[in-house]
Amino acid sequence: MSERRVSPDVITYSVLIDGLCKDNRMEEANQMLDEMCVRGLVPNDVTYTTLIGGHCKQHNIEIAMDMYREMLIKGVKPDLITYNTLINGLCRVGDLGRAMKIIDEMKDKNMKPDKITYTTLIDGYCKEGYLESALEIKKEMIREGIELDNVAYTALVSGFCKEERVEDAELTLKEMLSTGLRPDEATYAMVIHGFCKKGDSQMGSKQLNELQSSGHVPGVAIFNVVMNGLCKQGQMKKARMLLDDMHNLGVVPDDITYNILLEGHCNYGGDWMDIDKLQSEKGHISDIAAYTSLISISQKNSKTGLTTNWPHRTTNVEMNHVGSSNGKGCIQYFAQQEL
């Protein structure tokens, strides 16, 4: 441009700075800002907001704050995007105190927070464990006539689940549905996991059904959570029915699925015919968890005088005690499938 005697203006520099920020080349972006100033150009709100966003993205929050103060000193007025960018950066590093101070500065300049501002704060408070503060922000949103979106509700659901207030998480999920919003699989998964963790597999199963009714096909991980809860409560019939549901929906069970069922049968009276069927479905038993489950049920049956004959295939499990350098030794499991 200089060879053609065309001088770059503020817009040109701002575009170049934006490209450098997107490429995470913040040192070069800062140098570009210095070059602007040397040429006598005054950066505008777009220039500064771009730099603030780039530094926030890399968690360089102090540099971002310096940029913010510099633009104020130079008389460049921050807009709502500038404030939201800075608030988001502060919340990402857990600096909620300074984020609220920025909110106060906005209000002093008669600039109202919008949905993005409030949602960012709710998410930040929930992630840091300040659930009550997040709920206060929610109340303020409602007073201002701003509707919560999926992000805000999901953040609250997550916050309640982290505090093990899963009933409140479920109520929030219901409130979300009542507004016409459609929770995603991850939101349901948090509630399902919360109930199963508390030992309430019935509610976990109910939420799983609601997830399916909403049009989602749950992933194998969610099925495993509910199945594990059912097995821990000895509800093996329901757990097996859940496996059938997975097959019907085209969800492929993984090793964890079968190991959960194997362990459940071991703990609550395993049926060898059923376990053999599980082994056939799985194709092979390939990990220590499965070996341990089979050894456990073998030991339980031997104590009660039962034999452990497999109907169609035999699993010979050999336990070898191998000495180690510290003298304690370890147990190695070897399984050999015989048709």
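Note that the structure is a prediction, hence the values are computed from the model and not measured. (Residues numbered from 1 in each chain as written. Predicted model: local features only at pLDDT ≥ 70, side-chain atom pairs only at ≥ 80, totals over all residues. Heavy atoms only, no water.)

### Examining the overall build of the protein chain
Within the protein chain one finds 17 helices and two strands. In the protein chain, buried positions account for 40% of the 339 residues. Within the protein chain, contacts between residues at least 6 apart in sequence are counted, and of these 56% link residues at least 24 apart. On the protein chain, roughly 18,300 Å² of surface is accessible, and the fraction owed to carbon and sulfur atoms is 52%. (Helix = DSSP H or I, 4+ residues; strand = E, 2+ residues; numbered from the N terminus. Buried < 20%, exposed > 50% of the residue type's maximum accessible area, 1.4 Å probe, protein only. Contact = heavy atoms within 4.5 Å. Areas by Shrake-Rupley, 256 points an atom, 1.4 Å probe, with all protein chains shown as cover.)

### Here we look at the pattern of salt bridges
Working definition: two side chains of opposite charge can pair if their charged atoms are close together. Enumeration according to the criterion identifies 18 salt bridges in this entry. A salt bridge links D66 to R69, with the shortest nitrogen-to-oxygen separation between them at 2.8 Å. Residue D66 and its partner R69 are located together in helix 4 (residues 61-73), separated by three residues, close to a single helical turn. Residue R69 is classed as partly exposed on the basis of its relative accessible area, which comes to 37%. Between K198 and E167 there is a salt bridge, with its nearest N and O atoms 2.6 Å apart. Of this pair, K198 sits in the loop between helix 11 (185-197) and helix 12 (201-213) while E167 sits in helix 10 (residues 166-178), and the two are 31 residues apart along the sequence. Given a relative accessible area of 48%, K198 falls into the partly exposed group. (Salt bridge = Lys/Arg side-chain N within 4 Å of Asp/Glu carboxyl O.)

### Here's the deal with the side chain of K138
Along the chain, K138 falls in helix 8 (residues 131-143). A polar side-chain atom of K138 sits 3.1 Å from a polar atom in the side chain of E175. Those residues in contact with K138, other than ones at most four positions away along the chain, are I122, L148, L156 and E175. (Polar contact = N/O pair within 3.5 Å; in protein donor to acceptor, adjacent residues only side chain to side chain.)

### Let's talk about the packing of aromatic side chains
The tally for this structure, following the rule as stated, stands at two aromatic pairs. Here the aromatic rings of Y68 and Y83 are separated by 6.0 Å at their centres, their planes lie at 65 degrees, and the arrangement is edge-to-face. One end of the pair, Y68, is in helix 4; the other, Y83, is in helix 5 (residues 80-92), and 15 residues separate them in sequence. Ring centres of Y125 and Y130 lie 6.4 Å apart, and the angle between their planes is 85 degrees; on these two criteria the pair is classed as edge-to-face. For Y125, a relative accessible area of 11% puts it in the buried group. (Phe/Tyr/Trp six-rings, centres within 6.5 Å; stacked < 30°, edge-to-face > 60°.)

### A word on the UniProt feature "repeat: PPR" (unreviewed entry) in the protein chain
Within the UniProt annotation, "repeat: PPR" (unreviewed entry) is assigned to residues 9-43, 44-78, 79-113, 114-148, 149-183, 184-218 and 219-253. For residues 114-148, the end-to-end C-alpha separation is 11 Å, with 74% helix and 0% strand making up the annotated structure. What you have in residues 219-253 is 77% helix and 0% strand, and the ends, taken at the C-alpha atoms, are 9 Å apart. (UniProt positions renumbered as here; feature names shortened; annotations may be inferred.)

### Details of the nonpolar core
Among the nonpolar cores identified, the biggest contains 77 residues, and L86, I122 and M227 are the most heavily contacted of them. Here this core gets seven residues from one element, more than from any other, and that element is helix 9 (residues 150-162). Mapped onto the domain boundaries, this core takes at least three residues apiece from domain 1 (8-19 + 35-77) and domain 2 (209-291). In contact with M227, other than residues within four places in its own chain, are A239, L242, L243, M246, T257, I260 and L261. (Core = buried A, V, L, I, M, F, W, Y, C linked by side-chain atoms within 4.5 Å. Domains from an automatic or database assignment.)

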